[in-house]
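Residue-level listing of the chains:
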Amino acid sequence: MEPGAATPVGFRQRKLLPSKLRMRGSAPDMADPNQLFDDTSAHAGSPAVGYRGQETPGMGFQAQALLTEPMSNFAVAYGSSLASQGKELVDKNLDRFIPISKLKYYFAVDTVYVGKKLGLLVFPYMHQNWEVRYQQDTPVAPRFDINAPDLYIPAMAFITYILVAGLALGTQNRFSPEILGIQASSALVWLIIEVLVTLLSLYLVTVNTDLTTIDLIAFSGYKYVGMIVGVVSGLLFGRTGYYLVLLWCCIAIVVFMIRSLRLKILSEAAAQGVLVRGAKNQLRTYLTMAIAAAQPVFMYWLTYHLVR
């Protein structure tokens with residue numbers, strides 16, 4: 001082919017190439033001649049679709065959160081109301097059987113009271129005034145009156161007695177969890193029996209007293225202090241030390257119980273300001289002495305096998 005003929009062909013190819021590129025793109029040649037600006041929506045079309053597709057899960061999560069947040073708040077509020085109603089129901093029924101408000105009075109103690117009370121239990125002979133002080137017909141808290149009964153010392157003494165019993169059994173190679181459990185359960189059962197028998201005796205003798213069941217539990221629990229001192233003395237000084245110290249503690253608890261309970265059991269006569277004589281007064285006196293005399297029996301029964 002001649003050189004002159006090749007030139008037009010190459011020229012035509014160069015002319016056709018831009019037209020093909022324009023057709024592949026979104027051609028501005030096909031736009032409206034009256035349009036002032038180019039339409040770029042076709043170029044951004046496909047990315048916009050992908051972007052919306054990616055945003056759809058996030059928008060759904062936000063909508064779900066908006067729906068579930070009120071439901072969760074409602075569930076929390078409903079659960080709180082149920083919990084408060086259940087607490088009120090439990091407190092109401094529990095206070096019917098266990099007077100929680102009264103129990104707070106028996107644990108209103110401090111270190112000074114505990115120290116003085118322990119000294120009174122071990123050495124009650126020099127104490128003169130045994131009357132419980134009142135304020136507007138209500139006994140003052142134990143921390144303000146050493147004669148007021150409490151539950152702190154009996155509870156701690158009972159727990160300490162179980163620990164000391166385990167120590168004594170361990171020194172004799174007789175310790176086992178079963179034996180320690182039997183020791184604790186037997187001590188608790190004897191305490192319950194003692195309180196029930198005392199309540200029954202007060203009912204049969206028809207004593208009008210301000211002694212409550214909690215008061216009787218407190219007075220019956222004071223003997224564990226002497227039991228602890230006796231067992232520890234037995235571990236340190238043998239059986240001779242055990243018997244001597246336990247004898248001292250038994251006499252001390254008898255004196256303490258008689259002087260503390262005689263005002264409680266004879267409260268009717270004390271309120272009237274007269275001395276009640278006759279068979280009824282004798283029954284009250286015998287009952288007071290019987291309660292006091294029962295303390296050494298329990299003290300020896302629950303401790304003699306711990307010292308060898």
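In this text the structure is predicted, and so the values were computed from the model without any measurement.

Draft legend 1. Looking closely at the overall build of the chain. Counting secondary structure elements, the chain contains 10 helices and zero strands. Each helix (α) and strand (β) of the chain, taken in turn from the N terminus, gives the series α-α-α-α-α-α-α-α-α-α. Here the contacts in the chain between residues at least 6 apart in sequence split such that 77% fall between residues at least 24 apart. Of the roughly 20,400 Å² of accessible surface on the chain, 66% is carried by carbon and sulfur atoms.

Draft legend 2. Just the side chain of Glu194, in detail. Checked against the element boundaries, Glu194 lands in helix H6 (residues 177-205). Overall, Glu194 belongs to the buried group, its relative accessible area being 6%. Those residues in contact with Glu194 that sit more than four places away from it in its chain are Ser220, Lys223, Gln295 and Phe298.

Draft legend 3. View of the packing of H6 against helix H7 (residues 213-221). For the pair H6 and H7, interaxial distance at closest approach is 10 Å and the crossing angle is 130°. Comparing the axis directions of H6 and H7 gives the class oblique. The hand of the H6/H7 crossing is right-handed. Two secondary-structure elements touch here, H6 through Leu191, Glu194, Val195, Thr198, Leu199 and Leu202 and H7 through Thr213, Leu216, Ile217, Ser220 and Gly221. Class assignment for the residues of the contact of H6 with H7 results in six nonpolar, four polar and one charged.

Draft legend 4. Seen up close, the nonpolar core. Residues Tyr161, Tyr222, Tyr224, Phe256 and Met257 are the most contacted members of the largest nonpolar core, which totals 45 residues. For this core, the secondary structure elements donating two or more residues are helix H4 (111-122), helix H5 (152-171), H6, H7, helix H8 (223-265) and helix H10 (279-301). Top element by residues in this core is H8. It accounts for 14 residues. Leaving out residues up to four positions away in the same chain, Tyr161 has contacts with Gln183, Ala187, Tyr224, Met227, Ile228, Leu302, Thr303 and Leu306.

Draft legend 5. Seen up close, the confidence of the model for the chain. Mean pLDDT for the chain: 78, with 67% of residues reaching 70 or above. Segment residues 41-55: pLDDT under 50, and two contacts once partners within four positions in sequence are set aside and those in other chains are kept. Across residues 270-275, confidence stays below pLDDT 50; counting only partners more than four residues off in sequence or on other chains, it has one contact.

Draft legend 6. Layout of the packing of aromatic side chains. Under the definition given, this model contains 14 aromatic pairs. A ring pair is formed by Phe123 and Trp248, whose centres lie 6.1 Å apart and whose planes are at 20°; its orientation type is stacked. Within this pair, whereas Phe123 is found in the loop between H4 and H5, its partner Trp248 is found in helix H8, the two being separated by 125 residues in sequence. Classification of Phe123 by relative accessible area gives partly exposed; the value is 42%. Residue classification places Trp248 among the partly exposed residues on the basis of a relative accessible area of 40%. Between Trp301 and Tyr304, the aromatic rings sit 6.1 Å apart at their centres with planes inclined by 40°, giving tilted as the arrangement. The exposure class of Trp301 is partly exposed, given its relative accessible area of 46%. A residue is classified by how much of its surface remains accessible, and Tyr304, at 33% relative accessible area, is partly exposed. Following the ring pairs from residue to residue traces out a cluster consisting of Trp130, Phe219, Tyr222 and Phe256. Over the ring of Tyr224 we find Lys223; its NZ or CZ atom is 5.4 Å from the centre of that ring.

Draft legend 7. Quick peek at the state of the cysteines. Counted by the stated rule, this structure contains zero disulfides. Of all cysteine sulfurs in the structure, the one in Cys250 sits closest to Cys249, which takes part in no disulfide; the separation is 7.1 Å.

Draft legend 8. Looking closely at the environment of Asp110. Inspection of the secondary structure puts Asp110 in the loop between helix H3 (100-106) and H4. Remark: the alpha-carbon pair of Asp110 and Arg143, spanning 33 residues in sequence, is separated by 5.8 Å.

The rules behind each value
Residues numbered from 1 in each chain as written. Predicted model: local features only at pLDDT ≥ 70, side-chain atom pairs only at ≥ 80, totals over all residues. Heavy atoms only, no water. Helix = DSSP H or I, 4+ residues; strand = E, 2+ residues; numbered from the N terminus. Contact = heavy atoms within 4.5 Å. Areas by Shrake-Rupley, 256 points an atom, 1.4 Å probe, with all protein chains shown as cover. Buried < 20%, exposed > 50% of the residue type's maximum accessible area, 1.4 Å probe, protein only. Axes fitted to C-alpha atoms, helices over the stretch in contact; angles between N-to-C directions. Parallel < 35°, antiparallel > 145°, perpendicular 65-115°, else oblique. Left-handed = near helix turned anticlockwise from the far one by under 90°. Nonpolar A, V, L, I, M, F, W, Y, C, P; charged D, E, K, R; others polar. Core = buried A, V, L, I, M, F, W, Y, C linked by side-chain atoms within 4.5 Å. pLDDT = per-residue confidence, 0-100. Phe/Tyr/Trp six-rings, centres within 6.5 Å; stacked < 30°, edge-to-face > 60°. Lys NZ or Arg CZ within 6 Å of the ring centre and 35° of its normal. Disulfide = S-S within 2.5 Å.

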